[in-house]
Amino acid sequence: MPRRHPETSTVEHLVIVGNGMAGHRLVEALLARPERPARITVIGAETAPAYNRILLSPLLAGEMQREALTLRSAEWYAEQDIELILGERVEAIDRDARTLTTDAGRTLDYDRLVLATGSNPARPPVPGLELPGVHVFRDLHDADALARAAAQGGSAVVIGGGLLGLEAAEGLRKRGQGKRGMQVSLLQRDDRLMNRQLDLTAARLLESELRGRGLDIHTDAQLESLEAGSDGRVCAARLADGTRLAADCVVVAIGIVPNTALARAAELDTQRGVIVDEWLTTSDPAIHALGECCEHRGNLYGLVEPIWRQVEVLADCLCGKPSTGYVEAPTATKLKVSGVALYAFGPTEPEPDHEVLSYRDPQQGDYRRLLLRGGRLEGAVLYGDTASGPWYFEQALAGVDLTACRTALLLGAADAQVLLDDALNESPQRPAKEAA
Ligand SMILES: Cc1cc2nc3c(=O)[nH]c(=O)nc-3n(C[C@H](O)[C@H](O)[C@H](O)COP(=O)(O)OP(=O)(O)OC[C@H]3O[C@@H](n4cnc5c(N)ncnc54)[C@H](O)[C@@H]3O)c2cc1C
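What you see is a predicted model, and the numbers here were worked out from it, not measured in a lab. (Residues numbered from 1 in each chain as written. Predicted model: local features only at pLDDT ≥ 70, side-chain atom pairs only at ≥ 80, totals over all residues. Heavy atoms only, no water.)

Student: Explain the site of the ligand to me, please; I cannot follow it from the model alone.
Tutor: Lining the immediate environment of the ligand, one finds 31 residues, of which E46, R138, E292, V304 and K336 sit closest. Contacts to the ligand include R89, whose side-chain N or O atom sits 3.4 Å from a nitrogen atom. At a separation of 3.4 Å, an oxygen atom of the ligand approaches a polar backbone atom of A116. In isolation the ligand offers 1,000 Å² of accessible surface; the protein chains occlude 91% of this area. Counting residues per element, the ones that place at least two in the shell around the ligand are helix 1 (21-31), strand 2 (39-44), helix 2 (56-60), helix 5 (163-176) and helix 8 (304-318). Split by residue class, the shell around the ligand holds 14 nonpolar, 9 polar and 8 charged. Counting residues domain by domain, the shell around the ligand receives three or more from each of domain 1 (13-120 + 257-318) and domain 2 (134-254). (Near = heavy atom within 4 Å. Polar contact = N/O pair within 3.5 Å; in protein donor to acceptor, adjacent residues only side chain to side chain. Areas by Shrake-Rupley, 256 points an atom, 1.4 Å probe, with all protein chains shown as cover. Helix = DSSP H or I, 4+ residues; strand = E, 2+ residues; numbered from the N terminus. Nonpolar A, V, L, I, M, F, W, Y, C, P; charged D, E, K, R; others polar. Domains from an automatic or database assignment.)

Student: How should helix 8 be read in this particular structure?
Tutor: Taking 1.5 Å per residue as the helical rise, helix 8 with its 15 residues ought to reach 21 Å, and the 20 Å between its terminal C-alpha atoms agrees with that figure. Turning to helix 8, its buried residues number three or more, namely P306, I307, Q310, V311, V313, L314, A315, D316, C317 and L318. Taken from the residues just after helix 8, G320 is the one with a positive phi, measuring 70°. (Expected span 1.5 Å × (residues − 1). Buried < 20%, exposed > 50% of the residue type's maximum accessible area, 1.4 Å probe, protein only.)

Student: Help me understand the domain arrangement of the protein in this model?
Tutor: Reports of interface size often rely on the accessible area that becomes lost once the parts have come together. Domain parsing of the protein yields domain 1 (13-120 + 257-318), domain 2 (134-254) and domain 3 (341-429). Each of domain 1 and domain 2 has a C-alpha centre, and the two are 31 Å apart. On the side of domain 2, 15 residues touch domain 1, which itself brings 17 residues to the contact. Linking domain 1 to domain 2 there are 2 salt bridges. The partner of R138 in a salt bridge is E292, and the shortest N-O contact between them spans 2.9 Å. When residues in the side of domain 1 that touches domain 2 are grouped by element, the largest group, 4 residues, is from helix 2. By residue class, the composition of the side of domain 1 that touches domain 2 is 8 nonpolar, 4 polar and 5 charged. (Contact = heavy atoms within 4.5 Å. Salt bridge = Lys/Arg side-chain N within 4 Å of Asp/Glu carboxyl O.)

Student: Is there a simple way to explain the confidence of the model for the protein in this structure?
Tutor: Do not read the predicted coordinates in detail wherever pLDDT is low. Per-residue confidence for the protein gives a mean pLDDT of 93; residues scoring 70 or more make up 95%. Confidence drops under a pLDDT of 50 for residues 430-436, and excluding neighbours within four residues, the segment shows 2 contacts in the predicted structure. (pLDDT = per-residue confidence, 0-100.)

Student: Is there a simple way to think about the nonpolar core in this case?
Tutor: Soluble globular proteins tend to pack their nonpolar side chains together in the buried interior. Counting 51 residues, the largest nonpolar core has I16, L26, I93, L100, L113 and L115 as the members making the most contacts within it. A total of 7 residues in this core trace back to one element, the largest contributor, which is helix 8. In contact with L113, other than residues within four places in its own chain, are V15, V17, I93, L100, A286, I287 and H288. Of all hydrophobic cores here, the second largest spans 44 residues; its members include Y51, V158, L172 and L186. (Core = buried A, V, L, I, M, F, W, Y, C linked by side-chain atoms within 4.5 Å.)

Student: Whenever I open this one, the packing of aromatic side chains confuses me. Can you help?
Tutor: Each pair of aromatic rings is reported with the distance of its centres and the angle of its planes. Per the stated rule, a full pass over the model turns up 5 aromatic pairs. Summarising the aromatic geometry, the rings of Y301 and Y326 are spaced 6.1 Å apart at their centres and angled 80° between planes, so their arrangement reads as edge-to-face. With Y301 in the loop between strand 20 (294-296) and helix 8 and Y326 in the loop between helix 8 and strand 21 (333-334), this residue pair connects regions lying 25 residues apart in the sequence. A relative accessible area of 3% means that Y326 is categorised as buried. Here W391 and Y392 contribute two aromatic rings whose centre-to-centre distance is 5.8 Å and whose plane-to-plane angle is 65°, an arrangement assigned as edge-to-face. The exposure class of Y392 is buried, given its relative accessible area of 0%. (Phe/Tyr/Trp six-rings, centres within 6.5 Å; stacked < 30°, edge-to-face > 60°.)

Student: Before we go on, may I ask you to explain empty space enclosed by the protein in this structure?
Tutor: Over the atoms, a rolling probe the size of a water molecule traces out where space has been left empty. In total, this model carries 1 cavity of 30 Å³ or more according to the counting rule given. Taken as a whole, the largest cavity encloses approximately 70 Å³ of empty space. Contributing to the lining of the largest cavity are S57, P58, A61, E63, E167, E170, G171, K174, K336, V337 and S338. Elements with a minimum of two residues in the lining of the largest cavity: helix 2 and helix 5. Per-domain counts for the lining of the largest cavity show at least three residues from each of domain 1 (13-120 + 257-318) and domain 2 (134-254). (1 Å grid on protein atoms, 1.4 Å probe; cavity = no way out; pocket = protein on both sides within 12 Å on 5 of 7 lines; lining within 4 Å. Points joined across faces, edges and corners; volume = space filled by probe spheres on them.)

Student: Explain the sheet that holds strand 13 (residues 223-228) to me, please; I cannot follow it from the model alone.
Tutor: Hydrogen bonding along the main chain pairs the strands of a sheet, whether they run parallel or antiparallel. As summarised here, the arrangement of the 3 strands in space is 13-14-15, forming an open sheet in which the pairing is antiparallel. Because the sheet does not close on itself, it has two edges, and the strands there are strand 13 and strand 15 (244-246). Taken pair by pair, the neighbouring strands of this sheet meet at an average axis angle of 25°, ignoring direction. For strand 14 (residues 234-239) and strand 15, the ladder comprises 3 bridges, and the chain directions are antiparallel. (Pairing = 2+ DSSP bridges. Axes fitted to C-alpha atoms, helices over the stretch in contact; angles between N-to-C directions.)

Student: Even after reading the chapter, I still don't get the side chain of T281, so can you show me in this structure?
Tutor: Within the secondary structure, T281 sits in the loop between strand 18 (274-276) and strand 19 (287-289). Of the residues examined, T281 reaches a relative accessible area of 6% and is grouped as buried. Within the structure, the side chain of T281 is placed 3.3 Å from the side chain of H288, a separation counted as a polar contact.

Student: Sorry if this is basic, but what is going on with the environment of S119 here?
Tutor: Mapped onto the elements of the fold, S119 is located in strand 8 (residues 119-121). Spatially, the C-alpha atoms of S119 and G44 are 14 Å apart, while their sequence positions differ by 75 residues. There is a polar contact of 3.5 Å between the side chain of S119 and the side chain of R138.

Listed below in structure tokens is the structure:
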């Protein structure tokens, strides 16, 4: 049932903190609504206007040019009559006065404030993390620094075998190719790569593909410390089992931590992220939060799909339009390593009442595993041919009973859909549906 956000006063001046992917998408969504706030100001700590952070991986791999990442130029913001302040970090919010202050000493007032401050890379508590040569992979500066390191050649150690770690490792390896060459090792604490998305079979296929390309992969690897060379820079990674890996460059990619510093300083309710309700409203009705900095019903965010849905809800809310509010929905994962096709959603391991269907073609390098409960799809892992991934995901989201097309389910969307359509045509409910 659509409802209205309790703070119904017209938003005269909206200030958005963070010109990242969520903050920028919100601007676009507001511009598409005639009821948009009269005045919009965006403040971003980065010096570049919003860019597609997702494409930092192909940028690092040398598969894309920097210009292709820009979402909108500073001129575009000016043309839309939006004040864009870049290279300034908001340091404090005075909630009583409804003002905020930046690190450049600028003070701004607001009627409504949106925190879109993203997240920071998580750092493992190991000695040596502060050494020169230890990087994270979050923004354009990081991508530049990593590209420079790859051009120097030598050896790199990437810590983290999730999406980001794999993309960083492949990016470094590819970027280093043809120059001095970079030997890249990847450390994964779990027994498999992408353990949150893949079952063991798919993870092993991925591992073997990446090893074949020259990546040195260590699973079940526990980082103990990073060592400094005589020049004070990082020179090696030491593992708990005594292994020592040479490292002229280290990339830490073990996860993200919501950036809640500003919200905490303003005494908004926070746990792991800034707590929001279904309208993306914080504990202060004049302040919202969205994207990777927020926490909704215990959930945190690290992919853009749910963030795009948050943006639509918040845009309606800021324009005084009723909405059903933000609701959680499952998301699917893809890996952006060229030449590797992967698509996954749902649980990685079957539960006792799951029916498991799987298909493997070692010659083609294809693998599919589906988890069904009561004829309905709850999870899928696809490696190789992933063309049917979005169809499987759609069926799972819609809760379609796939019993009628079970025999063709592993063959892919086209064959399965034919059987589903046939079953629907034969269904006694058909005339009733048509009549409706
Ligand atoms: C290399 C890489 C690859 C990725 N690949 C994928 C992918 O394939 N698919 C996917 O769905 N997601 C991917 N992601 C994740 C995706 O980029 C994020 O989910 C998305 O960027 C989150 O948007 P956000 O606006 O919340 O945070 P961000 O995009 O990080 O934006 C936050 C912005 O706020 C600014 N800021 C913070 N504090 C302040 C302050 N106090 N004052 C002013 N400004 C401030 C920051 O500088 C930053 O610019 C990837 C991320 C990375 C790093």
